[in-house]
Amino acid sequence: MRYFSIGGAAGEYEVDAYINGSLSLPPLQRDILAHAANELIDQLPARPRAPYCAEVTQRRASGGREQNGRDGENDPSRQHRRNAGED
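The structure presented is a predicted model; accordingly, all values stated were derived computationally and were not measured.

Asks: Would you mind showing me how to read the overall build of the chain here?
Replies: For the chain, the count of helices and strands is five helices and zero strands. Along the chain, helices (α) and strands (β) appear in the sequence α-α-α-α-α when read from the amino end. Counting only residues that meet the buried cut, the chain has 16% of its 87 residues in that class. Within the chain, residue pairs in contact and separated by at least 24 positions form 25% of the contacts whose partners lie at least 6 positions apart. Of the roughly 7000 Å² of accessible surface on the chain, a fraction of 53% belongs to carbon and sulfur atoms.

Asks: For this particular structure, what's the right way to read the environment of Leu 23?
Replies: Mapped onto the fold, Leu 23 is located in the loop between helix 2 (12-19) and helix 3 (27-42). Take Leu 23: its relative accessible area is 37%, and that puts it in the partly exposed class. For the pair formed by Leu 23 and Tyr 13, sequence separation is 10 residues and the distance between their alpha carbons is 9.8 Å. In this view, Leu 23 contacts Glu 14, Ala 17 and Tyr 18; residues no more than four positions away in its chain are not counted.

Asks: Got a minute to help me understand the nonpolar core in this structure?
Replies: Burial of nonpolar side chains together is a common tendency in soluble globular proteins. Listed in full, the seven residues of the largest apolar core are Tyr 3, Ala 10, Val 15, Leu 25, Ile 32, Leu 33 and Ala 36. No other element matches helix 3, which puts three residues into this core. Not counting residues up to four positions away in its chain, the partners in contact with Ile 32 are Tyr 3, Ile 6, Gly 7 and Gly 8.

Asks: Explain helix 3 to me, please; I cannot follow it from the model alone.
Replies: Because each turn of an α-helix spans 3.6 residues, side chains separated by three or four positions in sequence point in the same direction. For helix 3, which comprises 16 residues, the first-to-last C-alpha distance of 22 Å matches the rise-based estimate of 22 Å (1.5 Å per residue) to within 8%. Within helix 3 the residues assigned to the buried category are Gln 29, Ile 32, Leu 33 and Ala 36. Angular distribution of buried residues about the axis of helix 3 spans 100°; they occupy a single face of the element. Opposite the packed face of helix 3, turned more than 90 degrees from it, sit the exposed residues Leu 28, Asp 31 and Asp 42. Check the buried side of helix 3 and you find it contacts helix 1 (2-5) and helix 2.

Parameters at a glance
Residues numbered from 1 in each chain as written. Predicted model: local features only at pLDDT ≥ 70, side-chain atom pairs only at ≥ 80, totals over all residues. Heavy atoms only, no water. Helix = DSSP H or I, 4+ residues; strand = E, 2+ residues; numbered from the N terminus. Buried < 20%, exposed > 50% of the residue type's maximum accessible area, 1.4 Å probe, protein only. Contact = heavy atoms within 4.5 Å. Areas by Shrake-Rupley, 256 points an atom, 1.4 Å probe, with all protein chains shown as cover. Core = buried A, V, L, I, M, F, W, Y, C linked by side-chain atoms within 4.5 Å. Expected span 1.5 Å × (residues − 1). Arc of directions from axis to C-beta.

Spelled out as C-alpha cells, the structure:
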C-alpha cells in the first residue's frame, strides 16, 4: 500500500512478481518500491546489533560483565582461549 500511496504505477501482481524474482520493473518503479520499503523499515523498532571485538573487550575491561549477563570467567570464547594458551 505504501508503494501505491507514493506514486507507484506497477500493478499489485507485477510488484509481487518482481519481489519474487520473476518479473523486472522499470528503474523508476524499482526506486519507488525501494523507497516505500525503506520508509517501512525506518518505522521498525531498533534491533540490537552484534558487537565488534573492541566493544566486547571494552565491556570486559570496564566491569567484567558482558551485556548478556555472562561474566568473563563463564564466557565460552574465553575458556576456549584459555585452553588454547592465549589468555
